[in-house]
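Descriptive structure summary
Residues per chain are reported as follows:
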Amino acid sequence: MNPARIVDAFPAPSFRGTQKQALADIRAAFDVDNDVVLVRAPTGSGKSLLARAIMGCARTLEEATPAQPTGAYYTTPQVSQLDAVEADSLLADFNVIRGKGNYSCILPGEHDTPVNQAPCARQKGFDCTVKHRCPYYSDRAIASAQPLAAMTLAYFMQTAGSDVFGTRDVVVIDEAHGLAEWAEMYATIELSPERVPVWDDVGVPDVTAADDPVERASRFAETLAGVCSRSKDELTNSPELSPAEVARRDRLSELISELTWFVEDYRNPESPTTWVVDQVGGEATSLTIKPLDPARYLQHTVWDRGEKFALLSATILNKNAFCRQVGLDPARVALVDVEHTFPVENRPLYDVTQGKMTYEHRDETIPKIARLIVRLMATHPDEKGIIHAHSYAIADQLADRLAAFGVGKRVRIHSKADRDDALAAWKATDSPDVFISVKMEEALNLTGDLARWQVLCKAPYLNTNDSRVARRLEEGQWAWYHQSALRTVIQACGRVVRSPDDYGATYLADSSLLDLFDRTRSDTPPWFSEQIDRLSTPVLPDFDQDNALVDIESTSTVSPSRRQRTFTTRQTRSETDADRRQNHPLSDVWGDG
């Protein structure tokens, strides 16, 4: 790596805000031989442009000896972020590669068939005459041969050990704050009728009833892997498969790999990973096997893939804690802070707390928040807003309350099935509709009039019923618990202010958010501390449904019948699993085989 090239490699014709200083700081951090540089860059700092400049420092073929890696990877957990990078003309030299399921076969009669179900996947020994023009293999060949390759973190991890995508000189990970959590999710094994094609061929024990549930789960995993292997071999030996059989074969392959990794890691006395098992229903019911410490998993899938790393995010809150979670030596890691260039007065926080939103207080607080939202509608009669509801249960209760108050015609909602379509429709409307969202605190760009105000309904603490969370809290990891919630809050606050001349208000409805700020003061980035220090209580109009609808037109509303269908339509288990897979971060590579 040659950090001296970083300024020349910056892709924009000029610098904005503090970008030039950020590049100088990043260069200095690499110049003193750090292996990893954490770049804490807030919204609007141009992280993708900084990423491109860092990648431009990678060793070239002309500079390398035969044994030295060259080139750079760009990867991000967010599919939407990869979409944004691909659409940016300043990053035209990023060669993007996605999972096979994102490409269509070009053979006659197969144009609607994804590549992972094409004849080359269905027929044994199939010789594709147009493989050189196949959109997937073409993109893969280009990305593997060119110096700058871009992909999702799911695809990046899946290609670990690949002959096609080997080690490179520089790896840049964008939106890296949740790397430990993403790795845990990727390594989690979900065993259920929907996820295990041979479910009816095995007897699922009650692993939680055993003296050692994880040991019992490992023995079951060995048995299940054997059944999966025999079933997969039958399919593999078949001369031709249907698309459904291809999907079954690929899922069996995935499952065998997951189960084998778990058993090997669990039985390895030198592995630092702690495994936990959830099985609520007992014998014959679904179970989930989860890793607590993904450091070894990350070593193989990420840290072995490059020589120098840059990890970019607005919310890497504590360097030492982050390094500990992802298996890095803090002595070889530097933290670079990029200043926020958005005026603090353009991103105000308002205290409109209505009480606690913990489970035992929620039924008392939600009606108050619904009344608050009506008053905020009146405060912003001609501006779109978004309500971060945290869960579908909270979203449904708020929507019902608002409908009962008579303001439902200004409210839009979504289900798990129509999440993306509902969001796109709300963003496209010119009407000042209010969108009640679930889990949209990250990777959402609501620039300008797309949204001028938002409400955080609940402090986004992790679910303590999750075995990983419960285990960590038993071990006293409360700082991690609070840091995780703060990270999500900071991410959420960046949704409605996207540039220095943009503006948007964030209203805090859960009193637990104020307690969170107090508990995490030492871990809060300076620019967000500035927002907290300016926290104020606004003067809102009295509760009046008519004032909340003063600028709304009936033509922009969501009909009550549609809203009721969203709440009442039930899905089969396979449909629910399909929806979950479609919106899952691993959807980019699921079924690639």
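Our subject in this report is the structure included herewith.

Criteria and cut-off values
Residues numbered from 1 in each chain as written. Predicted model: local features only at pLDDT ≥ 70, side-chain atom pairs only at ≥ 80, totals over all residues. Heavy atoms only, no water. Phe/Tyr/Trp six-rings, centres within 6.5 Å; stacked < 30°, edge-to-face > 60°. Buried < 20%, exposed > 50% of the residue type's maximum accessible area, 1.4 Å probe, protein only. Lys NZ or Arg CZ within 6 Å of the ring centre and 35° of its normal. Axes fitted to C-alpha atoms, helices over the stretch in contact; angles between N-to-C directions. Helix = DSSP H or I, 4+ residues; strand = E, 2+ residues; numbered from the N terminus. Parallel < 35°, antiparallel > 145°, perpendicular 65-115°, else oblique. Left-handed = near helix turned anticlockwise from the far one by under 90°. Contact = heavy atoms within 4.5 Å. 1 Å grid on protein atoms, 1.4 Å probe; cavity = no way out; pocket = protein on both sides within 12 Å on 5 of 7 lines; lining within 4 Å. Points joined across faces, edges and corners; volume = space filled by probe spheres on them. Nonpolar A, V, L, I, M, F, W, Y, C, P; charged D, E, K, R; others polar. Pairing = 2+ DSSP bridges. Core = buried A, V, L, I, M, F, W, Y, C linked by side-chain atoms within 4.5 Å.

1. Observations concerning the packing of aromatic side chains
- Across all of its chains, the model carries 19 aromatic pairs by this definition.
- Ring centres of tryptophan 426 and phenylalanine 435 lie 5.1 Å apart, and the angle between their planes is 15°; this geometry places the pair in the stacked category. Pair check on accessibility: tryptophan 426 and phenylalanine 435 agree, each one buried.
- An aromatic cluster of three or more residues is present, and its members are Tyr73, Tyr155, Phe156 and Phe165.
- Over the aromatic face of tryptophan 426 sits the side chain of lysine 384, whose NZ or CZ is 5.1 Å from the ring centroid.
- Directly above the ring of tryptophan 480 sits arginine 472, whose terminal nitrogen or CZ lies 4.7 Å from the centroid.

2. Notes on the packing of helix 16 (residues 478–493) against helix 17 (residues 512–519)
- One can describe the packing of helix 16 onto helix 17 by two numbers: an axis separation of 10 Å at closest approach and a directional angle of 115°. The orientation of helix 16 with respect to helix 17, classified from their angle, is roughly perpendicular. Crossing hand, helix 16 versus helix 17: left-handed. Note on element contacts: helix 17 touches helix 16 through Leu513, Leu516, Phe517 and Arg519, opposite His482, Ala485, Leu486 and Val489.

3. Quick word on empty space enclosed by the protein
- Evaluation of the coordinates by the stated rule reveals 6 cavities of 30 Å³ or more.
- Each pocket or cavity is described by its volume, and for the largest cavity that value is around 120 Å³.
- In this structure, the largest cavity is lined by 13 residues; those nearest its centre are Thr315, Leu317, Gln325, Gln483 and Arg487.
- Going through the elements one at a time, helix 11 (319–326) and helix 16 are the ones with two or more residues in the lining of the largest cavity.
- Considering every element that reaches the lining of the largest cavity, the biggest residue donor is helix 16, with 4 residues.
- For the lining of the largest cavity, a count of residues per class yields 5 nonpolar, 6 polar and 2 charged.
- Taken as a whole, the second largest cavity spans an internal volume of roughly 90 Å³.
- Lining the second largest cavity are Thr43, His340, Phe342, Arg347, Ile490, Cys493, Gly494, Val497, Trp527, Phe528 and Gln531.
- Counted by class, the lining of the second largest cavity contains 6 nonpolar, 4 polar and 1 charged residues.

4. Looking at the sheet that holds strand 1 (residues 36–40)
- A sheet is described by the order of its strands in space; here 7 strands give the open sequence 3-4-2-5-9-1-10, paired in parallel fashion. The open sheet is flanked by strand 3 (95–96) and strand 10 (333–337), the only strands paired with a single partner.
- Where strand 1 meets strand 10, 5 bridges bridge the pair, whose relative direction is parallel. By the bridge assignment for strand 10, valine 39 is matched with valine 336.
- Running at roughly 165° to strand 9 (residues 306–313), helix 2 (residues 47–55) makes contact with strand 2 (72–76), strand 4 (148–152), strand 5 (168–173) and strand 9 of the sheet.

5. Overview of the pairing of strand 7 (residues 275–278)
- Neither face of strand 7 is left uncovered, since the one carrying Trp275 and Val277 and the one carrying Val276 and Asp278 both have all their residues buried.
- Pairing between strand 7 and strand 8 (residues 287–291): 4 bridges, direction antiparallel. Paired with valine 276 across the strands is lysine 290, a residue of strand 8.

6. Regarding the packing of helix 1 (residues 19–31) against helix 2
- Across the interface, helix 1 lies against helix 2 with an axial gap of 11 Å and an inter-helix angle of 40°. Here helix 1 is positioned oblique relative to helix 2, judged by the angle of their axes. Once helix 1 is placed against helix 2, the crossing between them reads as right-handed. From helix 1, Gln19, Ala22, Leu23, Ile26 and Phe30 reach across to helix 2, where they touch Leu49, Leu50, Ala53 and Ile54.
- Residue composition of the contact of helix 1 with helix 2, by class: 8 nonpolar, 1 polar and no charged.

7. Let's talk about the nonpolar core
- The biggest cluster of nonpolar side chains holds 39 residues, and the ones touching the most others in it are Leu179, Trp303 and Leu311.
- At 6 residues, helix 7 (residues 179–187) tops the list of elements feeding residues into this core.
- With residues near it in sequence (within four places) discarded, tryptophan 303 still touches Leu179, Leu298, Phe309, Leu311, Val326 and Leu328.
- Counting residues in hydrophobic clusters, the runner-up holds 35 residues, among them Phe10, Ala12, Val37 and Val170.

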